[in-house]
Structures are given as structure tokens and as C-alpha cells.
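Listed below, chain by chain, are the residues.
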Amino acid sequence: VQLQASGGGLVQAGGSLRLSCAASGRTTQSTGMAWFRQAPGKERELLSAIKWGGGNLYYGDSVKGRFTISRDNAKNTVYLQMNSLKSEDTAVYFCAAGEGVLITTPLDSFEFDVWGQGTQVTVSS
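Residues numbered from 1 in each chain as written. Predicted model: local features only at pLDDT ≥ 70, side-chain atom pairs only at ≥ 80, totals over all residues. Heavy atoms only, no water.

Draft legend 1. Expanded view of the environment of Gly-14. Tracing the backbone through its elements, the reader meets Gly-14 in the loop between strand S2 (9-12) and strand S3 (17-24). In this structure the C-alpha to C-alpha distance between Gly-14 and Lys-75, which are 61 residues apart in sequence, comes to 29 Å. (Helix = DSSP H or I, 4+ residues; strand = E, 2+ residues; numbered from the N terminus.)

If you want it as C-alpha cells, here you go:
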């Protein structure tokens, strides 16, 4: 599977952005999709996850209540709607996939082993 993330940009604090992750190649109902981010000097952070076949969702504590993950199976695209953005949300955002992932809380980021290129999100205060 190949992943293409898009939708990043510059936004003011309090604003919104929607990221998209288009998947091509072989995905199944048991393929898990996730959004990560990495800010300069910080570790990669797992933000949210979903499966093509539906079921549980995962949200990290830092984005719970502000970010929403969704999928459009017909378009093979996963979205991350980001609201109430803060300056600390500034990072490169990545989407990733993993086969047979069980979406639980907590969720191990190492479940996802296929990565797309990142998209930069910059939140100005």
C-alpha cells in the first residue's frame, strides 16, 4: 500500500484544517490507518487511528475532543479534521497503515509499518 498525505498549511491558533491520506494498493477491512505527528526535537506522537472495516477509534490525549478521524472507503481516503488548533500542534503530520491492527487504548505505534510522506502544519499564535 502507498500513502499520500495532504492538506497541511499555515493556520492561526483557534482555526481548523483537514488532512487527507489517500491510500493506493492493497488495503483490507482489517487494515488500520493512523495519523502521527513529529515536531522538531520531539518524539513521534500517535494521534488517532481507525480501521477500514470500522469499529473502535483511537485518540491520543493531546488531541481528544479537538481532532476527528474519519474514512471514506469509496475514495480510499482517511481524514483528520483538526479544530481549535494550538501553536503546540505545529508539526509534520504523517499517515501510516498497519495490517491486522486491533484499535484499542492504549495503542502501540509500532503496529503501523507503512508510511506516507509528511505534510507540514504550522499554527501561528
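Draft legend 2. Molecular detail of the packing of aromatic side chains. What the rule picks out here adds up to 3 aromatic pairs. Their ring planes at 75° and their centres at 6.0 Å tell us that Phe-36 and Phe-112 sit as a pair that is edge-to-face. Placement of the pair is Phe-36 in strand S4 (residues 31-38) and Phe-112 in the loop between strand S9 (91-99) and strand S10 (114-115), with a sequence separation of 76 residues. No difference in accessibility class separates Phe-36 from Phe-112, as the two residues are buried. Relative to Trp-115, the ring of Phe-36 lies with its centre 4.6 Å away and its plane at 50°, an arrangement referred to as tilted. One end of the pair, Phe-36, is in strand S4; the other, Trp-115, is in strand S10, with 79 residues separating them in the sequence. A connected cluster of aromatic rings, assembled from ring pairs, spans Phe-36, Phe-94, Phe-112 and Trp-115. For Arg-44, the ring lying beneath its charged end belongs to Phe-36, and the centroid distance is 5.3 Å. (Phe/Tyr/Trp six-rings, centres within 6.5 Å; stacked < 30°, edge-to-face > 60°. Buried < 20%, exposed > 50% of the residue type's maximum accessible area, 1.4 Å probe, protein only. Lys NZ or Arg CZ within 6 Å of the ring centre and 35° of its normal.)

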